[in-house]
Amino acid sequence: MKLYQKLRTAVPRLVLSQEDEEEEEEEEEDVDTPTPAGHSRLAPWWVGSGLLLSAVLLSAVTVWVLRQVSGGWHGPAPPSQCHQVPESHRFDCYPERRVVVTRELCEGRGCCFVETPPAVGGTRGVPWCFYPPDFPSYALQSLNQTALGMAGLLVRREKAYYPRDIGVLRLDVELETDTRLHVKITDAANPRYEVPLDVPRAKKRAENPIYSLDFSKDPFGLVLQRRDTGMVLLNTTVAPLIFADQFLQISTALPSRFLYGLGEHRSTLLHSLDWSTLTLWARDVSPTESFNLYGAHPFYLLLEEGGDAHGVFLLNSNAMEVALQPAPALTWRTIGGVLDFYIFLGPDPNAVIQQYQEVIGFPAMPPLWALGFHLCRWGYGSSNETWQTVRAMRNFQIPQDAQWNDIDYMDGYRDFTFDAQKFASLPLLVEDLHKHGQHYVMILDPGISSTSPRGSYWPFDEGLRRGLFINTTQGQPLIGQVWPGYTAFADFSNMDTRRWWLENLQRFHAHVPFDGVWIDMNEPSNFMDGSEEGCPPGELDSPPYTPAVLGDSLSAKTVCASAKQSASVHYNLHNLYGLMEAEATASALIQIQGKRPFVISRSTFPSQGRYSGHWLGDNRSQWKDMYYSIPGMLSFSLFGIPLVGADICGFSGSTSEELCTRWMQLGAFYPFSRNHNSQNEKAQDPTAFSPAARTAMKDVLLTRYSLLPFLYTLFHRAHVHGDTVARPLFFEFPRDTATYGLDRQFLWGRSLLVTPVLEPGVDSVMGYFPRGVWYDFYTGSSVNSSGEMLKLSAPLEHLNLHLREGSILPTQKPGPTSKASRGNPLRLIVALSPGATAWGDLFWDDGESLDTFERGSYSYLVFNATENVFTSRVLHTSTEAASTTIGTLSIYGVREPPHKVLLNGQEKPFSYLDNQVLTVSRLGMGLGQAFSLQWL
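Here goes a summary of the coordinates provided. Nothing here was measured: the structure is a model prediction, and the numbers come from that model.

The rules we used
- Residues numbered from 1 in each chain as written.
- Predicted model: local features only at pLDDT ≥ 70, side-chain atom pairs only at ≥ 80, totals over all residues.
- Heavy atoms only, no water.
- Core = buried A, V, L, I, M, F, W, Y, C linked by side-chain atoms within 4.5 Å.
- Buried < 20%, exposed > 50% of the residue type's maximum accessible area, 1.4 Å probe, protein only.
- Helix = DSSP H or I, 4+ residues; strand = E, 2+ residues; numbered from the N terminus.
- Contact = heavy atoms within 4.5 Å.
- Disulfide = S-S within 2.5 Å.
- Pairing = 2+ DSSP bridges.
- Axes fitted to C-alpha atoms, helices over the stretch in contact; angles between N-to-C directions.
- Parallel < 35°, antiparallel > 145°, perpendicular 65-115°, else oblique.
- Nonpolar A, V, L, I, M, F, W, Y, C, P; charged D, E, K, R; others polar.
- Phe/Tyr/Trp six-rings, centres within 6.5 Å; stacked < 30°, edge-to-face > 60°.
- Lys NZ or Arg CZ within 6 Å of the ring centre and 35° of its normal.
- Arc of directions from axis to C-beta.
- Salt bridge = Lys/Arg side-chain N within 4 Å of Asp/Glu carboxyl O.

## Remarks on the nonpolar core
- In terms of nonpolar packing, the biggest core is built from 231 residues, with Trp332 and Phe669 touching the most fellow members.
- No other element matches helix H12 (residues 623-638), which puts nine residues into this core.
- When sequence neighbours within four positions are dropped, the list of residues in contact with Trp332 reads Leu248, Gln249, Ile250, Leu262, Pro298, Tyr300, Val312, Leu314, Met320, Glu321, Val322 and Phe341.

As structure tokens, then:
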């Protein structure tokens with residue numbers, strides 16, 4: 001056994017053996033090596049403090065001797081070692097599914113076998129087969145300084161139990177910024193597949209990193225520590241590193257149990273660490289707990305004790321699973337690529353997400369109309385029926401910015417066609433939408449029909465001629481089955497395919513001038529497993545280890561992993577398929593329209609926010625689905641995809657009036673707000689319900705539209721700074737442990753608290769209010785919370801919204817569309833803190849042009865309130881602000897009735913209510929004018 005001793009990142013040196021340490025200590029007694037607070041040494045993982053070291057030292061030496069004489073056979077671990085490993089610290093040595101792990105199988109890997117009672121409910125619990133403390137791993141053979149950090153070699157002297165074990169690895173450590181560390185482990189001798197993601201390259205080493213990095217030599221491990229608190233954030237010495245050609249595994253201890261991210265899954269926002277496994281392999285399946293879903297996001301955020309936060313991103317696109325256990329600890333397992341980690345030190349949750357997006361890219365600025373209300377269903381049946389729904393919405397003056405069609409608009413479900421009989425009036429419908437300031441969005445799937453007579457369907461004929469489809473191992477287009485029947489799949493890793501995709505969109509746009517594109521089925525989904533001919537034998541389709549994917553096969557309901565694409569095999573690119581299609585689609589829309597693109601994608605991967613938004617898939621019209629949409633939405637905020645929402649009222653199944661009313665209230669506060677349902681179900685657009693329900697839905701949409709200036713500004717901050725839009729409460733209150741598990745409420749930005757009703761048959765709702773003053777959004781009445789759960793009145797027509805003290809929200813008189821709203825006067829709502837201060841901002845541009853911020857074609861205003869004076873400062877202005885005015889100022893929390901109000905020194909009439917709300921109307925101030933308002 002080895003003791004782990006700290007290695008300074010400033011002058012790295014190899015860890016010394018215990019005997020060498022003693023000799024050096026005699027020679028250098030005056031050298032004081034700093035150690036982590038509360039950790040005099042980095043102890044063996046399985047005890048955490050080294051107290052059991054002497055008890056196992058003799059058995060470890062015995063096993064070492066046995067290995068030498070047996071030529072490297074691990075042999076069964078001595079029982080004394082095995083039973084001393086606490087259950088929570090047992091790292092699974094035999095994670096294969098569908099295998100009954102016996103003592104013989106386990107000990108054949110040189111691991112401990114100790115039976116424990118089965119977990120409740122049949123779920124996986126404490127592993128019976130786990131690593132002993134001295135299981136062979138890599139040793140750090142060398143470590144040298146580089147311009148950006150360090151580089152070293154890792155050597156494994158004994159083979160692991162997966163084929164094509166790689167004996168020598170290269171370790172690269174780059175201190176990229178003071179808050180970002182980059183650690184990469186790969187084959188030292190041969191190149192391996194790496195994700196083709198454009199990431200920033202550091203040009204110099206961080207000068208004052210807020211972290212320190214220490215190494216263990218044998219077994220190799222790294223220990224990352226936060227400098228100011230001494231908190232150990234990562235400790236990979238807890239279990240052996242395995243790096244075979246198709247099985248890569250690394251584990252780490254975690255400093256707390258407060259772990260978020262790792263999508264896409266249906267779960268609570270805060271993950272359970274009670275022996276749960278999260279699989280990342282894009283899959284078409286209705287959102288269900290424990291299943292791998294549409295996207296893959298190997299990123300987690302962890303809240304530390306005390307409220308600091310850090311994040312970890314594994315840049316790897318292969319099939320993967322992340323095993324969580326109550327130690328607390330985490331194990332990454334992937335079956336290809338390299339171990340390419342970015343660690344973000346925060347130290348607060350908002351900063352972590354900003355730092356993550358500095359690597360993957362900040363999200364695109366959406367067009368303003370994308371933030372309006374969208375309506376869709378599969379099963380309108382005709383363009384005329386679709387048109388009737390649009391007209392009904394207008395007749396009831398219910399806000400709507402976009403009308404969508406699902407696949408029933410197509411001719412035989414074939415992309416880039418429309419049904420000439422049932423949807424003959426589609427071009428006229430789109431023209432009518434545009435005349436009313438509305439927009440049209442259509443669905444496209446990546447499966448291209450392959451059965452039309454040659455020469456009759458240009459997309460397939462031309463794609464085949466140019467060789468633009470995913471191929472089998474024999475070099476022929478892989479044929480699967482999707483909605484149009486037999487299909488080939490576009491290879492978006494090929495730049496020529498992107499040109500063909502553009503040409504198809506251009507040809508269709510000439511007939512139906514759509515405004516946005518909804519890309520579905522892009523995991524890619526396949527109604528067959530693999531292809532019409534199945535998949536060939538081999539270790540790509542049947543790898544030595546298959547993560548816990550739904551269907552137990554990489555090809556389940558998708559294409560063969562062995563399929564050939566331009567950039568690599570599908571085995572490596574599967575999780576990137578939706579990202580590559582989104583990039584191609586966004587690029588095409590820019591070239592066609594010359595405006596900001598609007599794309600919504602089902603499958604996603606890190607950096608997707610640069611090209612598209614996301615909806616949470618084919619949910620059901622059930623109350624629990626409505627609840628799960630909140631942690632789903634908040635998780636994608638962590639993933640850098642702020643334009644996200646769920647199908648309001650549910651996609652499959654028929655909704656009820658109560659459920660749809662409550663869901664419309666919640667959905668009005670999804671960043672991406674769309675009501676969508678399936679064919680053969682009852683209509684669920686707002687016009688389909690009783691007058692009372694319809695009015696409640698209309699009112700909450702009007703509230704959303706009144707908040708569009710605020711929401712648009714939040715998206716600007718996301719685009720420029722990497723801020724989140726929809727935000728968990730713990731982001732703003734990381735020291736308040738009561739917020740850590742909250743996922744039935746959320747914030748817009750830092751200011752607006754949304755508390756929806758998520759249960760049937762109630763007229764009240766419980767909501768948590770962190771310490772401070774909170775104002776009712778509608779009335780301005782205040783509640784001073786000590787950090788407590790409060791019971792709120794919630795009749796069916798009411799959604800509870802509250803403003804946080806110290807905030808200023810720009811709002812606007814709502815219109816039937818975002819375009820109509822833009823011409824209305826603004827109303828600023830000031831929510832004073834107990835110290836009578838507040839702050840807010842407003843970003844304003846034309847709502848659709850490309851790169852307005854980058855080109856300077858925008859206005860930016862900052863609002864402040866202090867000492868009874870409100871000021872509006874114009875930091876940047878453009879012509880777009882000339883036609884917009886600030887009409888009203890409402891100030892919540894004015895404790896004493898003012899005697900007079902002065903606007904730029906001129907007295908103005910005002911009103912003051914008993915609930916301490918001061919309102920000044922008819923200001924008539926242009927958006928580009930700085931002004932001040934004082935109340936005395």
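Now that the structure has been shown, we can carry on.
## Examining the state of the cysteines
- Applying the stated criterion to the full structure yields five disulfides.
- Note that Cys82 is cross-linked by a disulfide to Cys112, the S-S spacing being 2.1 Å. Here the disulfide of Cys82 and Cys112 is left-handed, its torsion about the S-S bond being about -80°. One end of the pair, Cys82, is in helix H3 (residues 79-83); the other, Cys112, is in strand E1 (residues 112-113), with 30 residues separating them in the sequence. Across the pair, exposure class does not vary: Cys82 and Cys112 are buried alike.
- A disulfide bridge connects Cys93 with Cys111, and the sulfur atoms are separated by 2.0 Å. Handedness of the Cys93-Cys111 disulfide follows from its S-S torsion of about 65°: it is right-handed.

## Details of the sheet that holds strand E22 (residues 447-449)
- Taking strand neighbours across the sheet as the criterion, the three strands line up as E22-E24-E23 in an open arrangement whose pairing is antiparallel. Of all strands in the sheet, those bounded by a partner on one side alone are E22 and strand E23 (479-482). For this sheet the average axis-to-axis angle between neighbouring strands, irrespective of direction, equals 55°.
- In this structure, E22 lies alongside strand E24 (residues 485-489), joined through three bridges in antiparallel fashion. When the sheet's bridge partners are listed, Ile448 is paired in E24 with Ala488.

## Some points on the packing of H12 against helix H13 (residues 657-667)
- One way to put it is that H12 packs onto H13 with a least axis distance of 10 Å and a crossing angle of 5°. As summarised for this structure, H12 and H13 are arranged roughly parallel, according to the angle between their axes. Contact residues: H12 offers Trp623, Asp625, Met626, Ser629 and Ile630, while H13 offers Glu658, Leu659, Arg662, Trp663 and Leu666.
- Partitioning the contact of H12 with H13 into residue classes produces six nonpolar, one polar and three charged.

## Structural notes on the packing of aromatic side chains
- Within this structure, the stated rule accounts for 48 aromatic pairs.
- Each ring, one from Phe258 and one from Tyr740, has its centre 4.8 Å from the other, and the planes form 70°; the classification is edge-to-face. Here the residue Phe258 occupies a position in strand E12 (residues 258-263), and Tyr740 occupies one in the loop between helix H16 (729-732) and strand E32 (746-748), the gap between them amounting to 482 residues.
- Plain terms: the ring middles of Phe863 and Phe870 are 5.9 Å apart, the flat faces sit at 25° to each other, and that makes the pair stacked.
- Cluster of aromatic residues (ring-pair linked, three or more members): Phe416, Phe460, Phe469, Phe492, Trp500, Trp501 and Tyr577.
- Above the ring of Trp387, the side-chain terminus of Arg391 is found at 4.4 Å from the ring centroid.
- Against the face of Trp404 rests Arg674, its NZ or CZ located 4.6 Å from the ring centre.

## Focus on the pairing of strand E3 (residues 138-145)
- Relative to strand E4 (residues 149-156), E3 runs antiparallel, the two being bridged by seven bridges. Bridge assignment links Leu143 to a residue of E4, and that residue is Gly152.
- Counting the residues that bridge the hairpin from E3 to E4 gives three residues.

## Section: helix H7 (residues 426-435)
- Buried within H7 are the following residues: Leu426, Leu429, Val430, Asp432 and Leu433. Angular distribution of buried residues about the axis of H7 spans 160°; they occupy a single face of the element.
- Looking at the packing, one finds that the buried side of H7 touches helix H6 (383-395), strand E20 (402-405) and strand E21 (439-444).
- A positive phi of about 70° marks Gly437, the residue just after H7.

## A few points about the sheet that holds E32
- Spatial ordering of the open sheet is given by E31-E32-E33-E38-E35-E36, a layout of six strands whose pairing is antiparallel. Each edge of the sheet is formed by a strand with only one pairing partner; in this case those strands are strand E31 (726-727) and strand E36 (782-785).
- One ladder, built from three bridges, connects strand E35 (residues 772-776) with strand E38 (residues 800-804); its direction is antiparallel. Note that in E38 the partner of Asp776 across the bridge is His802.

## Side note on the pattern of salt bridges
- Applying the stated criterion across every chain yields a total of 42 salt bridges.
- Ionic pairing is found between Glu304 and Arg226, a salt bridge with its closest N-O pair at 2.6 Å. Of this pair, Glu304 sits in the loop between strand E14 (297-303) and strand E15 (309-314) while Arg226 sits in strand E8 (residues 221-226), placing them 78 residues apart in sequence. This pair shows no difference in class: Glu304 is buried, exactly as Arg226 is.
- The salt bridge involving Asp308 is made with Arg735; its shortest N-O contact spans 3.5 Å. Of this pair, Asp308 sits in the loop between E14 and E15 while Arg735 is found in the loop between H16 and E32, placing the two residues 427 residues apart along the sequence.
- Overall, the relative accessible area of 10% leaves Asp308 in the buried class.
- A residue is classified by how much of its surface remains accessible, and Arg735, at 57% relative accessible area, is exposed.
- Shared partners join several salt bridges into a network, and the residues in it are Asp284, Asp520, Glu523, Arg602 and Asp618.

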